[in-house]
Amino acid sequence: MQLLFQDRRKSGQLDLEAVEMAFRSALHQAGAAALEKLLQCAPPAPEDRGRACPCGQIARYRELRSRRILTVLGEVKIMRPWYLCSGCGKGQFPFDTELDVENSDLSPGVRRMLAMAGSEAPFNQGRQQIELLAGLSITTKAVERTAESIGEDLARRERAEVDRAVQLDLPIVIGQPVPILYVEMDGTGIPVVKKETLGRTGKTDGQPAHTREVKIGCVFTQTAWDKEGHPIRDPGSTTYTGAIETADEFGKRIYLEAWNRGWPRAAKKVVIGDGAEWIWNIADTHFPGAIQIVDLYHARQHLWDLARRLHPYDPAGQQQWIDVHKPNLDEGKIEELAGLLRAIDPTTPELAKDIQTKIGYFERNAERMRYPAFRRQHLFVGSGVIEAGCRTVIGQRLKRSGMFWTVRGANNIIALRCCHLNGRFEDYWENRRAA
Ligand SMILES: [Zn+2]
């Protein structure tokens, strides 16, 4: 410090950043020294030298042993009693359990920082942020390991909760009645390492898959609509959940999320998705009685696909065709639309097949496309919320170039991100030692 100020006297300039960083570092060192003093245990009193061992016998105090841990103030050496069980040969450090550093060289404060950094940004970027913002030197691997292990713990607790939900052991969540509750579901691919796609075929015929699908769902509420009658999502009401898993597993997951958000006491229940079959299977199984809506913009996309097939390289012809057929879709007149599609005289067998596929899509989803009826009830008719969710929850963190995930690693980070975005991380962190 003195050197810095001498410098200043000579040059007449104060480098504030250098000084503030130096002060922080000095305060950290002083803090670490003080903390270290607090973390020196004395040998236990003679009457306190035995501890129950999980094997049923008594572990006896042997000696004080030291160990280094990284805290938010820097590295400190702790000194604590070591107990050894002569029955099973296992040692124990009760003080480590008390400090919550049993399985880690990082203090809880540091672990929390690393988990947040690793959930928000690539691990090496997280490491740089921690270095700059917290003044801690750690490895990229430490960020990765910490974020993933906390995510894993979250994912494990979620699975346990889902299992309980399956046994219909759900506590009724007491709260205000919910006017309109929405469940939206979608799928999005993330790049994975080779071993995760062995034996799976990709979207292009005969090509191996390079991605795995994350199924993601969100739940939100709506109480109001604007002057034009357009729905307004309740601010801050959206929660997310997702994982790379089967539709069956995901169905239970999204059911639990909806349940916790008040599904049983919602006056109106709505499920929105694109045409994917698994979404509607889940809706039928777990959300019977809900209004089912196919995202209008996906449905329009199917019309555009057909317009391009019927009028290749002819944008004006495509637009003209759309102008004729889109009103039927927008007005929910799906039978009329299907009738018009059926009347098309296809020039090739391939085209005939494509038209048939589209007719099937519209007819299968006809009841989910009664848009005027949905609009009259001031409901959303698009799945914009979950699509934005795909970008914020998954895309921004898991779909960056050069990233290849394992299913396990991705699921851990997804669990961490959902927990954080849902505003539940604080609760988890408070309760993590209870279970
Ligand atoms: Zn023992």
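The model shown is predicted, which means the values in this text are computed figures rather than measured ones. (Residues numbered from 1 in each chain as written. Predicted model: local features only at pLDDT ≥ 70, side-chain atom pairs only at ≥ 80, totals over all residues. Heavy atoms only, no water.)

Draft legend 1. Region of the structure containing a nonpolar patch on the surface. Residues Met-21, Leu-132 and Leu-133 make up a contiguous nonpolar surface patch of about 310 Å² in total accessible area. For Leu-133, the location among the structural elements is in helix α5 (residues 123–134). On the accessibility criterion, Leu-133 (63% relative accessible area) is exposed. (Patch = residues over 30% accessible without salt bridge, like charges linked within 9 Å, V, L, I, M, F, W, Y side chains within 5 Å. Areas by Shrake-Rupley, 256 points an atom, 1.4 Å probe, with all protein chains shown as cover. Salt bridge = Lys/Arg side-chain N within 4 Å of Asp/Glu carboxyl O. Helix = DSSP H or I, 4+ residues; strand = E, 2+ residues; numbered from the N terminus. Buried < 20%, exposed > 50% of the residue type's maximum accessible area, 1.4 Å probe, protein only.)

Draft legend 2. Local environment of the coordination of the zinc ion. Ligation of the zinc ion by protein atoms is provided by Cys-53 (SG), Cys-55 (SG), Cys-85 (SG) and Cys-88 (SG), these donors lying 2.3 Å from the ion. Geometry at the zinc ion is tetrahedral, judged from its four donor atoms and the angles of 106 to 119 degrees they form at the metal. Counting residues between consecutive donors of the zinc ion along the chain gives the motif C-x1-C-x29-C-x2-C. Placement of the pair is Cys-55 in the loop between β1 (50–52) and β2 (58–71) and Cys-85 in strand β3 (residues 74–85), with a sequence separation of 30 residues. Accessibility expressed as a relative area gives 39% for Cys-55, which makes it partly exposed. (Donors = N, O, S within 2.8 Å, 3.2 Å for Na, K, Ca; no water. Tetrahedral: all angles 85-135°; square planar, octahedral: opposite > 155°, others 65-115°.)

Draft legend 3. Structural context of the environment of Asp-15. Structurally, Asp-15 is set in the loop between α1 (2–11) and α2 (16–38). Sequence separation between Asp-15 and Pro-191 is 176 residues; the distance between their C-alpha atoms is 45 Å.

Draft legend 4. Here's a closer look at the packing of aromatic side chains. The full count for this structure, using the stated rule, is 14 aromatic pairs. Arranged with centres 6.4 Å apart and planes meeting at 70 degrees, the rings of Phe-123 and Trp-405 form a pair that is edge-to-face. Here the residue Phe-123 occupies a position in helix α5, and Trp-405 occupies one in the loop between α14 (384–398) and α15 (407–421), the gap between them amounting to 282 residues. The two residues Phe-123 and Trp-405 agree in class, both being buried. Among the aromatic residues, those joined into a ring-pair cluster are Tyr-255, Trp-259, Trp-263 and Phe-287. Here the guanidinium or amino end of Arg-51 rests over the ring plane of Tyr-83, the centre of that ring lying 5.8 Å away. The ring centre of Trp-278 lies 5.4 Å from the NZ or CZ of Lys-215, which sits over that ring. (Phe/Tyr/Trp six-rings, centres within 6.5 Å; stacked < 30°, edge-to-face > 60°. Lys NZ or Arg CZ within 6 Å of the ring centre and 35° of its normal.)

Draft legend 5. Highlighting the sheet that holds β2. Overall, antiparallel pairing links the four strands, which are arranged β1-β2-β3-β4 in an open sheet. Two strands lie at the open edges of the sheet, namely β1 and β4 (91–92), each paired on one side alone. Note that β2 and β3 share twelve bridges and pair antiparallel. When the sheet's bridge partners are listed, Ala-59 is paired in β3 with Cys-85. (Pairing = 2+ DSSP bridges.)

Draft legend 6. Representation of the packing of helix α11 (residues 334–342) against helix α12 (residues 349–364) within the structure. Packing of α11 against α12 brings their axes to within 10 Å, and their N-to-C directions diverge by 170 degrees. Classified by the angle their axes make, α11 and α12 are roughly antiparallel. Between α11 and α12, the residues in contact are Ile-334, Leu-337, Ala-338, Leu-341 and Arg-342 and Ile-355, Gln-356, Ile-359, Phe-362 and Glu-363, respectively. A per-class count over the contact of α11 with α12 returns seven nonpolar, one polar and two charged. (Axes fitted to C-alpha atoms, helices over the stretch in contact; angles between N-to-C directions. Parallel < 35°, antiparallel > 145°, perpendicular 65-115°, else oblique. Contact = heavy atoms within 4.5 Å. Nonpolar A, V, L, I, M, F, W, Y, C, P; charged D, E, K, R; others polar.)

Draft legend 7. Geometry of the nonpolar core. Of all hydrophobic cores here, the largest spans 97 residues; its most connected members are Met-185, Phe-287, Leu-329, Phe-362 and Tyr-371. It is α15 that contributes the most residues to this core, eight residues altogether. With residues up to four places along the chain from it excluded, the contact list for Met-185 reads Ile-216, Gly-217, Phe-250, Ile-254, Val-271, Ile-272, Gly-273, Trp-278, Ile-279, Ile-282, Phe-287 and Ile-386. Judged by nonpolar contacts, the second largest core, of eight residues, contains Ala-32, Leu-39, Ile-69 and Phe-95. (Core = buried A, V, L, I, M, F, W, Y, C linked by side-chain atoms within 4.5 Å.)

Draft legend 8. Region of the structure containing the packing of α2 against α5. Closest axis-to-axis distance for the α2/α5 pair is 10 Å, and the angle between their directions is 90 degrees. For the element pair α2 / α5, the angle class is roughly perpendicular. Here Met-21, Arg-24 and His-28 of α2 come into contact with α5, specifically with Glu-131, Leu-132, Leu-133 and Ala-134. Among the residues forming the contact of α2 with α5, the class breakdown is four nonpolar, one polar and two charged.

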